[in-house]
Amino acid sequence: MRPPLGGGRTRKMSNNYNDIPFGIRIVQKLSRQCCPRLHARRDLLYKVSIFVLTFLAYACYHMCRKPISVVKSVLQGNCSSAQAAQLHEGQDCGYAPFDGPDATKLFGMLDSAFLFTYAIAMFASGFVAERVSLRYFLSMGMILTGVFTYMFGIARTSNIHSLWYFILIQICAGIFQTTGWPGVVTLVGRWFGRSKRGLIFGIWNSHTSIGNILGTLIAAHYVESDWAMSFVVPGIIIGAIGFLLFLFLVDQPEIVGCYPDSVPHERRVTNDSDEEHDDEEQVRHNAALVVRSAVYGIPAETEISYRSAPTERTPILASSHSQSHQREHGSGRPISLIDALYIPGVVEFSLCLFFTKLVSYTFMYWLPLYIQSSSTLGPTLSADLSTLFDVGGIFGAIAAGYISDLTGMSATICTGMLFIASPILLMYQQYGALSVSISVLLLIVVGIFVNGPYALITTSVSAELGQHSSLEGNANALATVTAIIDGTGSIGAAVGPLLAGLISTTGWQNVFHMLIIADIIAMLLLGRLVVKEFASLRRSPTRIRIE
C-alpha cells in the first residue's frame, strides 16, 4: 500500500465548536431540522456565502473612499458669481479651510495622507492577516473604517475647521482600510479552486467598481444639501456589514468540515480507493508542473506540504515548540516579505500595478472635479457621470479574467489592455468635453482598459502567485504576496492623485499626459514576462499558468 499524497499528512476539521461563527451555528441548526437538502449541499452554500460576504465587504471599503472626491467641489465653493451663490446657498460658499485659493493643494494633502498611510500599512496588514482570524480581522477593520468615515462627516455638524483634524481622520481611515484587501483575497483563495479562477475573480472584483458607484451616488445625493451625510451614511453601512461578517463569515473551510478544491491535493484519506485516486492525481499534477513551470522556472518536482488550519484562538506568534514541530513535519508557515519577493513574477507585477493603480486612482479621486471644470455640469451631475468609468471597469475586470482563463497569459493580457488604454486616454482628453454622449462612450471605454489590468493583477494574478509552486503548498503566503502587490500598487495610488493636484494647476492636459506615460511604463515592465509566455506557448499548446 502506497502512502497517501503529501506524505501521509491529512487535515482535520476543527474540533472546537466555538470556532464556528454564531450566525452559522444558528443556520446549521435550522438547516438540519427544516432543510436537510440544503445541509447536504453545504459546500456550495458556504462558497456562495463567502463570495457574497467578501463582495459586500470590499464594496463597502471602496464606497467609503469615494465621498471625498464628490464633495471637493462643495468644500472648495466659489461664490464669485450669482449662479454659484445660488448653488451654494446655505453652505457659506465652501467650508474652511478648503474655501481659499490653495484648496487644490489642501485636497492633495488629504488624498496623500490617506493613500500613503494605506500603502505603508498594507505591508504590515498582510503580515498580521496571515496570523489571526480573518473574521475578527475584517470585522474590526470595517467597523473602525466606518467610525472614521463618520467622523469626517460630523466635522460639519460640529463646526470643526482644523486641517489637522481632517488629515488625522484620513490617516486613521487609511490604516484600517488596509484590513480589507489581504483579508478578502485570502478568503476567496482558500475557498475557490483554480478552475476558472480568472472569471470568478473578474466577476467578484466588480465589487471595486460597485463600491465606487454606490459611494459616488450616495455622496452625490447629499452633496448639495448636507455634505456631512455623504460620509455619515457610508460609515453606518460599512459598520453594519462588518457586524454581519462577524456573525456569518467562515474564514477557514476546515472549521465547518469543508474541503474545497482550492488545494486539490489536500485530502482526508479514509480507504485504499482514496489512496489510489490520490496517486492518479499526483501523476497528473506532476505532468502539469513540467509544462507550467516553463514560464517561471520552478522545479516540477516540488514537494507539497501543509500545516493545520489556524483558528481565532491560534496565537499571533507561534511558540518555539510549535515552530520546531512544523519544521519536523515539513508544514507550511507564514513567509517574510523578503522571501515573497523571490517568487517569480511578484516584482514585475508589483511595479506594473504601481503605475496602473496610479492611473486608476487619479480618475477615482479627481474625475468628478475634472468633469465639472471642463463642462457646464454641476457637482451632482458630474459625480453621476463619473460613475461610468467604474461601469466600464466592471466589464474590463470580467473580460480580463475570462481571457486569462482561456489563455493563461496574464502578463500579455495586461500589456495588450495597457497598449490600448494610452490612445483612449488621449481621445477622452481631446473630445470628452464636446458632448455628454461622447463623454459617456469614452468614459466606459477608458474604464474597461484602465481597470482591466488593475483588476486582473490584484485578484487572479495575486492569488496564483500567493499559491505558487515554489511555496511548497504553503497557502499561508497568500496574504503576504497580496499585500506586497497591492501595497506597491497603493504607493502608486497615492502618488497619482498627489501629482494630479500639483500638475492640474498648469492645465488638465498635462495630467492626462502623465497618465499616458504611466500606462506606457507599466506596459514595458511586463515585457520580460510577455516574452516568456510566448516562448512557453510555442513549446507547448497547453495553456500557461503562473506555477
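Not measured: the values here are computed from a predicted model.

Caption draft 1: Inspection of the pattern of salt bridges at higher detail. This structure, assessed with the given rule, holds four salt bridges. Between Asp111 and Lys72 there is a salt bridge, and its shortest N-O distance comes to 2.8 Å. Of this pair, Asp111 sits in helix α6 (residues 103–129) while Lys72 is found in helix α4 (residues 67–76), placing the two residues 39 residues apart along the sequence. Assigned by exposure class, Asp111 and Lys72 land together as buried. The closest approach of N and O atoms between Arg528 and Glu348, which form a salt bridge, is 2.0 Å. A residue pair is termed long-range when its members are at least 10 positions apart, and Arg528 in helix α22 (residues 527–539) and Glu348 in helix α16 (residues 346–373) qualify at 180 residues. Judged by relative accessible area, which is 13%, Glu348 ranks as buried.

Caption draft 2: Focus on the packing of α4 against α6. Running from N to C, α4 and α6 point in directions that differ by 150°, and their axes come no closer than 11 Å. In this view, α4 runs roughly antiparallel relative to α6, as classed from their interaxial angle. The way α4 lies across α6 gives a crossing that is right-handed. Contact with α4, carried on its side by Ile68, Lys72, Leu75 and Gln76, involves Ala103, Thr104, Phe107, Leu110 and Asp111 of α6 and no other residues of that element. In terms of residue class, the contact of α4 with α6 is made up of five nonpolar, two polar and two charged.

Caption draft 3: Up close: helix α9 (residues 180–191). Over its 12 residues, α9 extends 17 Å from the first C-alpha to the last, a length consistent with the 16 Å expected when each residue adds 1.5 Å. What α9 keeps buried is the set Gly180, Trp181, Pro182, Gly183, Val184, Val185, Thr186, Leu187, Val188, Gly189, Arg190 and Trp191.

Caption draft 4: Here's a closer look at the nonpolar core. The biggest cluster of nonpolar side chains holds 89 residues, and the ones touching the most others in it are Phe363 and Tyr428. Sorting elements by how many residues they give to this core places α16 first, with 17 residues. Setting aside anything within four residues of it in sequence, one finds Tyr428 in contact with Phe363, Leu367, Tyr370, Ile371, Ser439, Leu442, Leu443, Val446 and Phe512. Counting residues in hydrophobic clusters, the runner-up holds 40 residues, among them Ile20, Met142, Trp191 and Val256.

Caption draft 5: Looking closely at the packing of aromatic side chains. Throughout the structure, instances matching the rule amount to 25 aromatic pairs. Three or more aromatic residues joined by ring pairs make a cluster, and in this case those are Tyr95, Phe98, Phe107, Phe152, Tyr165, Phe166, Trp227 and Phe231. The cationic tip of Arg135 hangs over the ring face of Phe246; the distance from NZ or CZ to the ring centre is 5.0 Å.

Caption draft 6: Quick look at α4. The buried count for α4 comes to nine of 10 residues, which makes it a mostly enclosed element. Among the residues of α4, those classed as buried are Pro67, Ile68, Ser69, Val70, Val71, Lys72, Ser73, Val74 and Leu75.

Caption draft 7: Broad picture of the state of the cysteines. For the structure shown, the criterion picks out zero disulfides. Cysteine Cys352 remains unbridged, with the sulfur of Cys414 as its closest cysteine sulfur at 5.8 Å. You can call Cys352 buried: its relative accessible area is 0%.

Caption draft 8: Inspection of the side chain of Ser125 at higher detail. Position of Ser125 relative to the elements: it lies in helix α6. With residues near it in sequence (within four places) discarded, Ser125 still touches Phe137, Thr178, Thr179 and Pro182.

Cut-offs and rules
Residues numbered from 1 in each chain as written. Predicted model: local features only at pLDDT ≥ 70, side-chain atom pairs only at ≥ 80, totals over all residues. Heavy atoms only, no water. Salt bridge = Lys/Arg side-chain N within 4 Å of Asp/Glu carboxyl O. Helix = DSSP H or I, 4+ residues; strand = E, 2+ residues; numbered from the N terminus. Buried < 20%, exposed > 50% of the residue type's maximum accessible area, 1.4 Å probe, protein only. Axes fitted to C-alpha atoms, helices over the stretch in contact; angles between N-to-C directions. Parallel < 35°, antiparallel > 145°, perpendicular 65-115°, else oblique. Left-handed = near helix turned anticlockwise from the far one by under 90°. Contact = heavy atoms within 4.5 Å. Nonpolar A, V, L, I, M, F, W, Y, C, P; charged D, E, K, R; others polar. Expected span 1.5 Å × (residues − 1). Core = buried A, V, L, I, M, F, W, Y, C linked by side-chain atoms within 4.5 Å. Phe/Tyr/Trp six-rings, centres within 6.5 Å; stacked < 30°, edge-to-face > 60°. Lys NZ or Arg CZ within 6 Å of the ring centre and 35° of its normal. Disulfide = S-S within 2.5 Å.

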